[in-house]
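Per-entry structural report
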Amino acid sequence: MADAKQRKSLDQRAQMSDIERLRHSAAHVLATAIARLWPDAQFAAGPPVENGFYYDVDLEHRISPDDFEAIEAEMTKVVKENQPFEKMVVSRDEALALAQAGRLAALGDRDAPSTFKLDLLDDIPDGEEISIYKNGDFWDLCAGPHVARTGNCKAFKLMSVASAFYKGDSDNAQLQRVYGTAFKNKTALGEYLERLEEARRRDHRKLGRELGLFHIDEAVGQGLVLWKPKGAIVRRELQDFITAELDRGGYQQVFTPHIGKLELYRTSGHFPYYQDSQFAPIVDRGALAELADGGATCGALSNKLETGEIDGFLLKPMNCPHHIKIYQSEHRSYRDLPVRLAEFGTVYRWEQSGELGGMTRVRGFTQDDAHIFCTPEQLAGEIAGCLGLVKTVLSTLGMEDYSVRLSLRDPDSDKYVGSPENWDRAEAALRDAVGGLGVDYVEEPGEAAFYGPKIDFVVKDVIGRPWQLGTVQVDYNLPSADRFDLSYIGADNAPHHPVMVHRAPFGSMERFVGLLIEHFEGAFPTWLAPEQVRVLPISEKFSDAARAQLGALAEAGARATLDDSADKIGAKIRLAQLDKVPYMLIIGANEVESNTVSVRHRRRGDLGALSPEEFLAQFREEVSSRSL
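How each quantity is defined
- For every chain, the first residue of its written sequence is number 1, and the numbers climb from 1 along that sequence.
- Where totals are concerned, whole chains, interfaces and linings use all residues; where local detail is concerned, this predicted model gives features only for residues with pLDDT of at least 70, and gives and counts side-chain atom pairs only at 80 or more.
- Hydrogens are left out, water is left out, and the side-chain values use all remaining heavy atoms of the structure.
- Working definition: helices are DSSP H or I runs of at least four residues, strands are E runs of at least two. Numbering for both runs from the N terminus.
- Relative accessibility decides the category of a residue: with a 1.4 Å probe and only protein chains considered, values under 20% of the type maximum give buried, values over 50% give exposed, and everything between is partly exposed.
- The criterion used for residue contact is that any of the two residues' heavy atoms lie within 4.5 Å.
- Using the Shrake-Rupley algorithm and a 1.4 Å probe, accessible areas are obtained, with residue cover drawn only from the displayed protein chains.
- Asp and Glu count as negative and Lys and Arg as positive, but His and the ends of the chain are not part of the count.
- A single reference atom marks each charge: NZ on Lys, CZ on Arg, CG on Asp, CD on Glu.
- At least two DSSP bridges between two strands are required for those strands to pair.
- Axis lines are fitted to C-alpha atoms, over the contacting stretch for helices. Their N-to-C directions set the angle, which ranges from 0 to 180 degrees.
- Under the pairing criterion, centres of Phe, Tyr and Trp rings, with the six-membered ring standing for Trp, must be within 6.5 Å; the plane angle then separates stacked pairs below 30 degrees from edge-to-face pairs above 60, leaving the rest tilted.
- Look at NZ for Lys and CZ for Arg. If either is within 6 Å of the ring centre and within 35 degrees of the ring normal, a charge sits over the ring.
- Whenever Lys or Arg places a side-chain nitrogen within 4 Å of a carboxyl oxygen from Asp or Glu, that contact is recorded as a salt bridge.
- Expected helix span is computed as 1.5 Å times (number of residues minus one).
- This arc is taken over the directions from the axis of the helix to the C-beta atoms.

1. What to know about the overall build of the chain
Along its length, the chain carries 20 helices and 28 strands. Within the chain, buried positions represent 50% of all 628 residues. Here the contacts in the chain between residues at least 6 apart in sequence split such that 71% fall between residues at least 24 apart. If you sum the accessible surface of the chain, you get close to 29,700 Å²; carbon and sulfur atoms cover 49% of it. Across the chain, the 73 positively charged side chains and the 96 negatively charged ones have centroids separated by 4 Å.

2. Let's talk about the sheet that holds strand β25 (residues 560–562)
Overall, mixed pairing links the five strands, which are arranged β25-β24-β26-β27-β28 in an open sheet. Two strands close off the open sheet at either side, each with one partner strand: β25 and β28 (605–610). Averaged over neighbouring strand pairs, the angle between their axes works out to 25 degrees when direction is ignored.

3. A few points about the pairing of strand β5 (residues 130–135)
Counted residue by residue, β5 has six buried out of six residues, so it is predominantly covered. Alternating residues of β5 divide into Ile130, Ile132 and Lys134 and Ser131, Tyr133 and Asn135, and every residue in both groups is buried. Pairing of β5 with strand β6 (residues 138–141), which is carried by four bridges, proceeds in the antiparallel orientation. Across the sheet, residue Ile132 finds its bridge partner in β6, namely Leu141. Count of turn residues in the β5/β6 antiparallel hairpin: two residues, of which Gly136 carries a positive phi of about 60 degrees.

4. Focus: the packing of aromatic side chains
Inspection of the entire model under this criterion finds 16 aromatic pairs. Measuring from ring centre to ring centre gives 5.6 Å for Tyr54 and Tyr179, while their planes differ by 65 degrees; the resulting arrangement is edge-to-face. Taken together, the residues Tyr54 in strand β3 (residues 52–58) and Tyr179 in strand β8 (residues 174–183) connect sequence positions 125 residues apart. Aromatic side chains Phe241 and Trp527 sit 5.8 Å apart centroid to centroid with 75 degrees between the ring planes, which places their arrangement in the edge-to-face category. With a gap of 286 residues between them, Phe241 in helix α8 (residues 229–248) and Trp527 in the loop between α16 (509–519) and β24 (533–537) connect regions that are remote in the sequence. Here Phe241 matches Trp527 in class, with each residue buried. Among the aromatic side chains, those forming a connected cluster through ring pairs are Phe43, Tyr55 and Phe138. Sitting above the plane of the Trp227 ring, Arg235 keeps its charged end 5.1 Å from the centroid. Residue placement shows Arg332 over the ring face of Tyr327; its charged tip is 4.8 Å from the ring centre.

5. Comments concerning the pattern of salt bridges
Enumeration according to the criterion identifies 36 salt bridges in this entry. Here Glu81 makes a salt bridge to Arg36, at a shortest N to O gap of 2.7 Å. A residue pair is termed long-range when its members are at least 10 positions apart, and Glu81 in the loop between α3 (68–80) and β4 (86–90) and Arg36 in helix α2 (residues 18–37) qualify at 45 residues. By relative accessible area, which is 40% here, Glu81 ends up partly exposed. For Asp203, the salt bridge goes to Arg205, with nearest N and O atoms at 2.9 Å. According to the relative accessible area criterion, Arg205 is partly exposed, its value standing at 44%.

6. Let's talk about helix α17 (residues 543–555)
Since the α-helix packs 3.6 residues into each turn, any two residues three or four apart lie on the same face. Look at α17: 18 Å from first C-alpha to last across 13 residues, which is about the 18 Å you get at 1.5 Å a residue. For α17, the complete set of buried residues consists of Ser543, Ala546, Gln549 and Leu553. One side of α17 holds all its buried residues, which, seen down the axis, span an arc of 120 degrees. In α17, the exposed positions angled more than 90 degrees off the buried face are occupied by Asp544, Ala548 and Glu555. Tucked inside the fold, the buried residues of α17 contact β24, β25, β26 (583–587), β27 (597–601) and α20 (612–624).

7. Some points on the sheet that holds strand β16 (residues 364–374)
Within a sheet, each strand pairs with its neighbour through backbone hydrogen bonds, oriented either parallel or antiparallel. Within the open sheet, the eight strands sit side by side as β11-β15-β16-β23-β20-β19-β17-β18. Their pairing is mixed. Where the open sheet ends on each side, the last strands, each with one partner, are β11 (252–253) and β18 (441–445). Pairing of β11 with strand β15 (residues 339–348), which is carried by two bridges, proceeds in the parallel orientation. Across the sheet, residue Gln252 finds its bridge partner in β15, namely Leu341.

As structure tokens, then:
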């Protein structure tokens, strides 16, 4: 085991990029500054992370953002001193002596030993190199690597501070985790900070609250989304859009319950494989009472559930076992295939509370799910159809900047079910399909689902952030004799196992809408906008004409409202702009006399006067074409 750990550690160091090396060094600059300001600070770990770095600190003083200016000023001094990062390779005994003397992660010897460094020394496998890096008077137990000098770390910024348990274990000490970021130069740092500010403006949690799209209430439960009327319109329009595409593609819509028997998920492998990320099973009350009378512990109950000695129900974590049972409910011939079953099915996952976030990480979510049961000869065409559907969805929404990830099995892992031959066939089919997409793709061994490989679409939004969205998976295993033993009668009049394709262009409706809120900054294209038109009479005496126009809009199918408040027209326009309404129709004396409306767009401004018929014709064309 030590040899494996050693190889992994050395590999990770060898693969550290230049920017990670810089950020790792900036973490040491941060620790040096904190040690100068608070010499009693004890330090745990300070690694580079995505977009930055952090250092975990044990310190009586509670660091807050108010301290950042002083810490950054001290960091600037360390940078200006241009201290070299010097590596010293030491024996385990030498490292232990330094830690006992309090010399590690400190500016000099102190009365207290370097507690966390002593513990981290125990984690270094026998035979692995032990090194200390020093910059100026600050010495630290560290595997490296680092940049040459502290002067290379000029472009940095402290971002936040949070609590963190040592090694992520709630039984350990609670530390203060100070986060920062660093870039090669101040221009790159400035651009990153601007992107962060843009992301804050687009935060779907903030916009969702301001625009009345959704609500998450503690009384209902964390990670459980309440779709408000406006958000429900966006969801409904997306569902109608994809449903029309499914109808054209020969899919059949189905509905399945929100729970299923545990035995169903034992057969599929979802239970107990994903047990840690599932809600607890619902056990028959009689079985519970019997176990309680027998003095059974919770552990014994869990074991009996896993082995099937007692049964129960589970909030469904996946729709596929239910669709499999629909397929299995009838005798199938090769002439009946492919069978394409689609459902907007809600599933449930027990995400940890610290991982929940608005609509993008939830505990209950609805997938635009479908499962295709086909012959091996039909597989290539079905995959191509699924990939084409995902491309249609993304192009319609203007999300053309995407890459593709082909997630494959790790041959050395025991995570995967099924024969290597079936895995080879599934991976070859996806590799051929993704090769015909004409886009860049990467292969990721070890990232496949336990039952089959998959293609994931990774989409960049308008500010360049990647999101994993649509997915297509090929599955020879769930239909196999070892699982559900699905069959169809082939042309040879013998039974055969179908191949199963799992696909979800949106993925999760909650996550997808959260992404769209941020992508469009809440200003949805007209076809998706909860409120498409707002009628604004200039004063009360034009309210009747405005109501007549509102009626005509409603008759034409537009989602329109009337602002007949006593506010001046400028205030009404500003409010409509804040509400991100695509069109405003202004009605005053000139409009009534000429039987026109003054059209204003939230971004293009004043579009001039049009007859109501002209506006409606243009509006209908924009909506029907799903123009952006």
